[in-house]
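Coordinates in review
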Amino acid sequence: EKDLNNHLTIRYMKKILMLLAFAGVASAASAQQTVTVTEYEVVQVQDKYQVITNPFWSNWFFSVGGGAQVLFGNNDHIGKFRDRIAPTLNVSVGKWVTPGFGVRMQYSGLQSKGFTTNESANYVVGGPREDGSYKQRWDYMNLHGDLMINLNALFGGYNPDRVYEIIPYIGAGWAHSYSKPHTNAATFNAGIINRFRLSNAVDLNLELSATGLEGKFDGEHGGKPDYDGILGATLGVTYYFPTRGFQRPVPQIISELELRQMRDQMN
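All of the points below concern the structure found in this document. Remember, it's a predicted structure, so these values are computed and weren't measured experimentally. (Residues numbered from 1 in each chain as written. Predicted model: local features only at pLDDT ≥ 70, side-chain atom pairs only at ≥ 80, totals over all residues. Heavy atoms only, no water.)

Let's talk about the overall build of the protein chain
- When helices and strands are tallied, the protein chain shows three helices and 11 strands.
- The order of helices and strands in the protein chain, counted from the N terminus, is α-β-β-β-β-β-β-α-β-β-β-β-β-α.
- Within the span of the protein chain, comprising 267 residues, buried residues form 34% of the whole.
- Considering only intrachain contacts with a sequence separation of at least 6, the fraction spanning at least 24 residues in the protein chain is 66%.
- Surface summary for the protein chain: the accessible area is close to 16500 Å², and the carbon and sulfur share equals 61%. (Helix = DSSP H or I, 4+ residues; strand = E, 2+ residues; numbered from the N terminus. Buried < 20%, exposed > 50% of the residue type's maximum accessible area, 1.4 Å probe, protein only. Contact = heavy atoms within 4.5 Å. Areas by Shrake-Rupley, 256 points an atom, 1.4 Å probe, with all protein chains shown as cover.)

Here it is, written out as structure tokens:
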């Protein structure tokens, strides 16, 4: 009987050990089936041309500059070039709608010099010269609106840290003579702004301008429609009011799991 009890006890312990072994194997198998999914971010590459258009009151600027200009009128060729050089200034207010396109309103002018063979012509100052011609000098202003095109931003993308940018512009306006007799003339304006970045708020500008005017601007048109021209160069500064610059869109960030699900749906 004692041997039988020992035999049953040994068999019982073996069964317990087997059950524990099966439980361990099952636990190990369960642990091996546990899958850890690690999600990581996929960042969309940004487009260098893509920006967020700012509200109406953003990206406004104020510019002021001074320099010299030369008038090309009907009889101005009879005078020396240096005697036709006159001072000029410009004051501008504008806005960049996008990095590539902007608009502005500019007040330019100051003084103009020319020559005439007619003693009774407008704006004659002083007596006759040795060759019988007369000098002309008068004060005027040219108020014009311009469309500006930033070629660097248009073809190279938006870069707020770019040191130099070239900006052609084209526009139309109206000229008025402050000297008597007062004369008004339509104007066509074009030019190039060479912009040098000094900081995020201030630029240095070298502006080369060309203005076409109705022939009556200098008081001489020979009884037929013609046109006068002005070439000028000014050096000035531009201040950008806050908020300035453009923001780029926030890159799209998705997980690898979401990306895989999207691919499965597409397939």
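Remarks on the environment of E214
- Summarising the element assignment, E214 is placed in strand β9 (residues 202-214).
- In this structure the C-alpha to C-alpha distance between E214 and N184, which are 30 residues apart in sequence, comes to 8.9 Å.
- In terms of polar contacts, E214 uses its side chain to reach the backbone amide nitrogen of A186, at 2.7 Å. (Polar contact = N/O pair within 3.5 Å; in protein donor to acceptor, adjacent residues only side chain to side chain.)

Considering the packing of aromatic side chains
- The full count for this structure, using the stated rule, is 10 aromatic pairs.
- For the pair F56 and W60, a centre-to-centre distance of 5.5 Å together with 70° between the ring planes defines the contact as edge-to-face.
- Members of the aromatic cluster, each reached through a chain of ring pairs, are Y123, W138, Y140 and F217.
- In this arrangement the basic side chain of R84 is found over the ring face of F72, its NZ or CZ atom lying 4.9 Å from the centre.
- The ring centre of Y169 lies 4.4 Å from the NZ or CZ of R104, which sits over that ring. (Phe/Tyr/Trp six-rings, centres within 6.5 Å; stacked < 30°, edge-to-face > 60°. Lys NZ or Arg CZ within 6 Å of the ring centre and 35° of its normal.)

Remarks on the pattern of salt bridges
- Enumeration according to the criterion identifies seven salt bridges in this entry.
- Residues E207 and R104 are paired through a salt bridge, measuring 2.9 Å at the closest nitrogen-oxygen approach. Taken together, the residues span a long stretch of sequence, with E207 in strand β9 and R104 in strand β4 (residues 101-116) at a distance of 103 residues.
- With its nearest N and O atoms 3.5 Å apart, the salt bridge here joins D203 to R195. Each member of the pair, D203 as well as R195, carries the same accessibility label: buried.
- Residues joined in a network through salt bridges with shared partners are R162, E165, R195 and D203. (Salt bridge = Lys/Arg side-chain N within 4 Å of Asp/Glu carboxyl O.)

Comments concerning the pairing of β4
- Summarising the sheet, strand β3 (residues 85-96) and β4 pair through nine bridges and their orientation is antiparallel. In the strand pairing of β4, N90 is matched with S108.
- Taken together, β3 and the strand that follows it, β4, pair antiparallel across an intervening segment of four residues.
- Judged from the 16 bridges that link them, β4 and strand β6 (residues 134-149) form a sheet pairing that is antiparallel. Bridge pairing links T116 to Y134 in β6. (Pairing = 2+ DSSP bridges.)

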